[in-house]
Structures are given as structure tokens and as C-alpha cells.
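Chain and residue survey
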Amino acid sequence: MKKIEFKDLVIYFEGEIYNKKNFSFDDEFLLLESLYLKYSFDFVSNLDGIFAFCIYDKVRKIYFCARDRFGNIPFFYTVKNGDFIFSSSIKDILNHLPINENLPKINKVALSKYMQYFSTFGEDTFYKDVYKLEEASYIVYENNKELFKKRYYKINTYKAVNDEISALKTLEELLYTSIEKRLISSPSTLLSGGVDSSLISSIYTKLSGKKIDTFSIGYSEYKNYCELDYAKITSNHIASNHHEIIIDKKTYIENFYSSLNNFDEPHADSAAIPLNILLKCVKDFGVNKLLSGEGADELFLGYDNYSKFLNYYNFRDSLSENQFFFLDEIIGALQNNTKESEYLRRVVKKQNIYNSFGEVFNDMQKRKLFVNVPTFKSENPKKDAVDWMSYIDIKLWVANPVLTKIYRVSKANSLQIHTPFLDNDILKYVFSVDSNIKIGNTNKYLLKKIAQKYIPNQIINRVKKGFNSPFNEWLQSEFGNSILETILEVNRQTQFFNENYLKHIYTLASSNKFKQHLYSLYIFSLWYKKTYLR
């Protein structure tokens with residue numbers, strides 16, 4: 001975080017405030033000074049941008065800290081002997097702890113969250129007494145007083161838009177505005193070959209009036225993971241300067257450990273490694289800012305999982321009490337090692353059906369995994385299933401694994417990635433659109449309707465793949481049994497997990513099943529071994 005000292009304030013800031021000119025300012029620090037002195041804490045909800053900041057008031061002797069609505073820039077803090085220590089990096093905080101103080105103990109609740117959802121979330125970090133400020137929130141700290149926390153923005157799901165034509169027109173205008181406020185002197189995008197990044201690239205080309213640079217990643221083997229052909233279709237359509245970065249197993253393994261070191265905590269999104277390799281190459285082209293398509297799937301129902309889960313919700317709503325009672329009697333006899341049987345069990349037990357796109361170990365699997373499962377409170381689902389799935393994925397998946405990955409990997413390569421779909425006005429508007437209009441007759445219905453003006457039908461109608469890689473194949477080939485040995489070595493020290501279940505997961509992953517489960521365990525074990533067993 002950059003620091004600037006004023007007469008009565010010290011301001012620490014990282015990020016960019018897009019609407020600063022609306023307040024007649026060109027500089028974020030001067031803007032924050034003015035707004036704080038005029039409005040105290042109540043101005044944050046009026047800021048549009050990606051940011052984390054801390055204002056120390058010398059007169060009132062208080063710290064006022066906030067993050068943007070989506071959580072683009074991280075902010076961590078702890079209080080030691082009356083000292084308020086904060087940073088966008090946990091490693092910085094640990095380095096500022098007293099020399100004679102031991103490393104904080106591991107937070108088992110954070111471990112439980114991580115195993116279920118790719119990363120921890122909420123205020124928990126992997127280190128006890130080191131906390132994360134949540135997205136769309138601020139805190140106020142005054143010595144010898146209780147820390148004050150407030151969520152300054154909550155998603156409103158009131159349906160004000162019931163006309164599809166109006167929704168399409170407004171969304172297209174909002175997308176233009178969102179990209180326009182992120183325009184940079186040398187336009188570049190990450191282009192996967194899917195609808196989201198292709199649409200961003202096409203509109204960006206029109207707005208910039210320039211031939212933009214597009215960057216895509218592919219693989220020299222396991223071509224089923226490769227989307228370069230589709231990215232090439234879009235790049236030809238918009239006439240971009242297209243750059244393909246193709247990686248092989250050797251490159252992946254050479255960058256594996258250094259990519260993990262970009263993170264403060266265990267982070268189980270395997271896409272972090274190829275993204276790091278890609279951004280290294282992007283930097284070599286002299287690019288320092290890019291646009292990317294994150295957030296569109298969650299806002300516009302892009303994942304195939306959404307339609308599947310809507311069927312579970314509809315099935316639940318169709319059941320009579322007698323049918324619930326009958327299914328409850330027989331559900332125990334069904335196989336319980338598949339996702340489908342778990343979702344059906346949730347229907348029958350009248351539990352929340354959808355937890356997150358990023359759910360890895362479900363509750364039943366966690367009971368098999370942990371010796372004693374560390375518990376945490378889950379949020380009550382919204383009544384509208386469409387609202388709930390989008391809302392919880394923005395809150396759990398996007399704000400944590402996705403944006404943490406983007407921030408850590410881009411910062412490690414001295415780059416900035418901006419995500420136009422994750423825009424304050426787009427977020428607000430999308431949740432005001434009637435759910436039936438959003439569902440339409442295909443996944444990402446509204447966005448695909450808009451995209452018809454900008455990108456080829458071959459891209460719009462293709463089967464969605466997602467940003468995947470042959471991580472399991474390459475790791476298994478390179479490290480083999482040492483993966484399990486590392487996991488078991490750490491577990492014999494911690495006694496967190498049931499050893500037989502760890503071996504079972506490893507066996508399944510060896511045949512390319514439960515590979516995300518194994519990856520989460522392996523990444524945690526590597527981190528724990530390096531952090532606590534050195």
C-alpha cells in the first residue's frame with residue numbers, strides 16, 4: 001500500500017477509484033482526505049473502483065479501513081499489544097510481529113472453509129488472530145475499544161425490471177460504460193475463446209478505436225483442455241494482435257512452486273499456475289494492464305451447474321409431504337459417493353441444495369476427511385434460487401478464490417487486471433432483473449443475446465469449458481507417490497485428517513477422479529510443511 005501523510009491524516013491506499021472525477025479530483029489520496037474530513041465514514045458506498053485503504057486520524061487517534069464491494073484488493077489486520085497492524089499481505093503482518101513471538105497457530109475453521117470452498121472466506125485467515133476485512137465492509141479501530149465493523153453495501157434483489165428488451169438495452173449500455181471507465185492507453189485483454197472474454201475484447205476494440213492485443217494460453221498435450229482454436233476465431237473477427245502462449249509439462253512444473261509462493265495462504269485454484277505463466281509472457285510484451293471476463297458466469301448464470309441445480313429446486317418444490325417422507329426412508333440406501341446422491345439427500349432432508357460453484361468437499365465428505373470437523377455458520381439461502389446461486393457465488397467464489405488469484409498473480413508480475421463485469425452498476429442492475437428473464441432458454445441467456453451483435457455464433461453456441469488445465473496429469477506424472485507421502489507426513493504431525501480417507505482420495509485422483517480434492521489437500525500440505533515444519 002502506498003502511504004501519504006497529511007496534516008491530520010495518514011492515508012494508505014491501493015487500487016483505483018474510477019469515479020474520482022465525479023468528485024472533481026484526479027488523485028485518490030486527495031479525494032479520500034476530502035471525503036473523510038467532510039463525511040467521516042459514510043462516503044465509502046459512493047466510491048466506484050477497486051480499492052483497499054486505511055486512514056489514520058491523528059486527531060481522533062482512530063484507524064478507518066475499507067475495501068471495495070467485490071473485494072478486488074485484500075486487506076488483513078491484527079492487534080498486538082495495542083498496536084494495529086495491517087497490510088494487503090499477511091506475510092507483511094507476520095514480519096511486523098514482535099521478534100520473540102511465535103508464528104500464530106493455525107486457524108482450523110479457515111482450514112475447514114478452505115477444504116470446502118477452494119480458499120478461506122469471511123474474516124478468517126489460516127493464522128489465528130490475523131483477520132481479513134470482508135468485501136463491501138469497513139472497520140474502525142480505536143485503542144482500548146472494541147473494533148467496530150460494518151457492511152456498507154448489501155446486494156438488493158428487488159425485481160424492478162420485467163421487460164427483456166429493456167434489460168438487454170440497459171445491460172449493453174452498462175457494459176460499454178464499465179469498459180470505458182477502465183480504458184487504458186495500450187488496450188489488451190485475456191482471451192479464452194469463451195463468450196465473456198470475447199465480448200469484452202470486441203467492445204473494447206470498438207471503444208478504443210485501436211487494434212488491441214489479445215493473449216491466450218494453450219497446452220502442447222492434453223488438447224482437450226486447450227481453447228486456442230476458439231480464441232483464434234474471436235481474434236480474427238476483431239482483428240486483434242493475437243498472442244498464443246503454449247505451455248508443456250516442463251514449463252508447468254518449473255513454475256509450480258514459485259506460483260504457489262505468490263499466495264499468503266493455501267489457495268486451491270489450479271488455474272493460478274497457468275495464469276502465472278501466461279502473465280509472465282504478457283509482461284515480456286511490455287503490457288502492464290489487461291481486461292478479463294471474470295464475473296459474467298456468476299451474474300448471468302453461465303455455469304451448466306446452474307440449470308442442473310434449478311432442476312433440483314423445482315423437483316423439491318414439486319414434492320408433497322408424503323413424498324418427502326417416502327424418500328427420506330430410502331435415501332440412506334442410495335450410493336453416497338456421487339455429487340448427485342448428495343444433492344438428492346439435501347432435497348430430501350430439506351437442506352440448502354446449492355452451496356457454491358466452488359464447493360469441493362461437501363459436508364458428508366468433510367465428515368470422512370476430518371477427525372473432528374471444524375464448524376462454521378453458513379448463510380441462510382434466499383428464497384429465489386436464481387438470486388441465491390448468483391449471490392453466494394459472488395460472495396464466496398468470486399470474492400475469494402477468483403479475485404485472490406487475480407490479485408496475487410497479477411501483482412507478482414507487476415500487472416493489473418481489470419474485470420468489467422464486476423462493476424457496481426452492473427451488479428445492482430442484474431439483481432433487479434426478473435429471474436425468469438435471466439434464465440431464458442440457455443445458460444448466460446441475456447449476455448449471449450447481447451453478444452450476437454459482437455462475436456461469431458460459433459463462439460456463442462459452443463459448449464462451455466472453463467479455464468482448466470492438465471494439472472492432475474502433470475503433477476501425478478512428475479511427483480507420483482510423493483504427493484501422498486507429503487500429505488501423510490503433514491497429517492501425522494497435525495492429526496487433522498483420517499489417513500485411510502486421504503489414501504482413498506489419492507487412489508481416486510490417480511484415475512483422474514476427485515482430482516480437485518487431492519489438489520486442495522496437496523496445496524495445504526505443501527504450505528503447512530513450509531510454514532510450520534521448517
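Nothing here was measured: the structure is a model prediction, and the numbers come from that model.

Turning to the overall build of the chain, a few remarks are in order. The secondary structure content of the chain amounts to 22 helices and 14 strands. For 534 residues, the compact-globule formula gives about 24 Å, and the C-alpha radius of gyration of the chain, at 24 Å, lands near that figure. Looking at the chain as a whole, 59% of its 534 residues qualify as buried. Total accessible area on the chain is roughly 23,500 Å²; 47% of this is exposed by carbon and sulfur atoms. If the 70 positive side-chain charges of the chain are averaged to one point and the 63 negative ones to another, these points end up 1 Å apart.

A separate point is the pattern of salt bridges. This structure, assessed with the given rule, holds 35 salt bridges. With a closest N to O distance of 3.4 Å, glutamate 14 and lysine 411 form a salt bridge. Here lysine 411 lies in helix H14 (residues 385–412) and glutamate 14 lies in strand E2 (residues 9–17), a separation of 397 residues in the sequence. Overall, lysine 411 belongs to the partly exposed group, its relative accessible area being 41%. Two residues, glutamate 342 and arginine 345, come together in a salt bridge whose shortest N-O distance is 3.0 Å. Taken as a pair, glutamate 342 and arginine 345 lie in helix H12 (residues 339–348) at a separation of three residues, close to a single helical turn. Arginine 345 carries the same exposure label as glutamate 342, and that label is buried. What you see here is one network of salt bridges that share partners, running through Asp48, Lys181, Arg182 and Asp423.

This part covers the pairing of strand E11 (residues 213–219). Buried residues dominate E11, accounting for six of its seven residues. Across three bridges, strand E10 (residues 188–190) lies against E11 in parallel orientation. In the strand pairing of E11, threonine 189 is matched with threonine 214. A crossover links E10 with its parallel partner E11, the connecting element being helix H5 (residues 195–208), and its sense is right-handed. Sheet analysis places E11 next to strand E12 (residues 241–247), joined by seven bridges and oriented parallel. Of the residues in E12, the one forming a bridge with aspartate 213 is asparagine 241. What joins E11 to E12 is helix H6 (residues 228–238), and the crossover it makes is right-handed.

This part is about the sheet that holds strand E3 (residues 49–57). Strand order in the open sheet made by the six strands is E1-E2-E3-E4-E8-E9, with antiparallel pairing throughout. Edge positions in the sheet fall to strand E1 (2–5) and strand E9 (148–151), since each has one partner strand and no second. The sheet shows a mean angle of 15° between the axes of neighbouring strands, direction not considered. Strand direction decides the pairing type here: strand E4 (residues 62–67) and strand E8 (residues 137–142), joined by five bridges, are antiparallel. Residue isoleucine 62 lies in a different strand from E8, and its bridge partner there is glutamate 142. Running at roughly 120° to E2, helix H1 (residues 28–39) makes contact with E1, E2, E3 and E4 of the sheet.

Attention now moves to the nonpolar core. Ranked by internal contacts, the top residues of the largest apolar core, which has 163 residues, are Phe43, Phe53, Phe64, Met115, Phe256, Phe497 and Phe524. Looking at this core, the element that brings in the most residues is H14, giving 14 residues. If we skip the residues at most four places from it in the chain, phenylalanine 497 touches Leu111, Met115, Leu369, Phe370, Val371, Asn491, Leu502, Leu521 and Phe524. Counting residues in hydrophobic clusters, the runner-up holds 15 residues, among them Cys54, Cys65, Phe86 and Ile139.

Right, let's talk about the packing of helix H10 (residues 304–318) against H14 for a bit. In a pair of packed helices, the angle between the axes and the distance between the axes together describe the arrangement. Where H10 contacts H14, the two axes come as close as 10 Å, and the packing angle between them is 135°. On the basis of their axis angle, the class for H10 and H14 is oblique. When you trace H10 past H14, the crossing you get is right-handed. Each of Tyr306, Phe309, Leu310 and Tyr313 in H10 lies in contact with H14, whose residues at this interface are Ala385, Val386, Trp388, Met389 and Asp393.

A few words now on the packing of helix H3 (residues 108–117) against helix H22 (residues 515–532). Relative to each other, H3 and H22 sit at 145°, their axes nearing to 9 Å. In this structure, H3 meets H22 at a crossing whose hand is right-handed. In this structure, H3 contributes Leu111, Tyr114 and Met115 to the contact, and H22 contributes Tyr519, Ser520, Leu521, Ile523 and Phe524. A per-class count over the contact of H3 with H22 returns seven nonpolar, one polar and no charged.

Attention now goes to the packing of aromatic side chains. The geometry of an aromatic ring pair is captured by two quantities: the separation of the ring centres and the angle between the planes. Enumeration according to the criterion identifies 59 aromatic pairs in this entry. With 6.0 Å between their ring centres and 25° between their planes, tyrosine 36 and phenylalanine 64 make a pair best called stacked. With tyrosine 36 in helix H1 and phenylalanine 64 in strand E4, this pair connects stretches of sequence that are 28 residues apart. This pair shows no difference in class: tyrosine 36 is buried, exactly as phenylalanine 64 is. Counting every residue linked through ring pairs, the aromatic cluster contains Tyr114, Phe126, Tyr127, Phe370, Phe496, Phe497, Phe524, Trp527, Tyr528 and Tyr532. The ring of phenylalanine 121 carries lysine 113 above its face, with NZ or CZ at 4.5 Å from the centroid. We note lysine 350 situated over the ring of phenylalanine 324; from NZ or CZ to the ring centre the distance is 4.6 Å.

With antiparallel pairing, the three strands of this open sheet are ordered in space as E6-E5-E7. The open sheet is flanked by strand E6 (83–87) and strand E7 (131–132), the only strands paired with a single partner. Note: strand E5 (residues 76–80) against E6, five bridges, orientation antiparallel. Counterpart to valine 79 in the pairing with E6 is phenylalanine 84.

Criteria and thresholds
- Residues numbered from 1 in each chain as written.
- Predicted model: local features only at pLDDT ≥ 70, side-chain atom pairs only at ≥ 80, totals over all residues.
- Heavy atoms only, no water.
- Helix = DSSP H or I, 4+ residues; strand = E, 2+ residues; numbered from the N terminus.
- Rg over C-alpha atoms; globule rule 2.2 N^0.38 Å.
- Buried < 20%, exposed > 50% of the residue type's maximum accessible area, 1.4 Å probe, protein only.
- Areas by Shrake-Rupley, 256 points an atom, 1.4 Å probe, with all protein chains shown as cover.
- Lys, Arg positive; Asp, Glu negative; His and termini not counted.
- Charge placed at Lys NZ, Arg CZ, Asp CG, Glu CD.
- Salt bridge = Lys/Arg side-chain N within 4 Å of Asp/Glu carboxyl O.
- Pairing = 2+ DSSP bridges.
- Right-handed = clockwise from strand over helix to strand, strands pointing away.
- Axes fitted to C-alpha atoms, helices over the stretch in contact; angles between N-to-C directions.
- Contact = heavy atoms within 4.5 Å.
- Core = buried A, V, L, I, M, F, W, Y, C linked by side-chain atoms within 4.5 Å.
- Parallel < 35°, antiparallel > 145°, perpendicular 65-115°, else oblique.
- Left-handed = near helix turned anticlockwise from the far one by under 90°.
- Nonpolar A, V, L, I, M, F, W, Y, C, P; charged D, E, K, R; others polar.
- Phe/Tyr/Trp six-rings, centres within 6.5 Å; stacked < 30°, edge-to-face > 60°.
- Lys NZ or Arg CZ within 6 Å of the ring centre and 35° of its normal.

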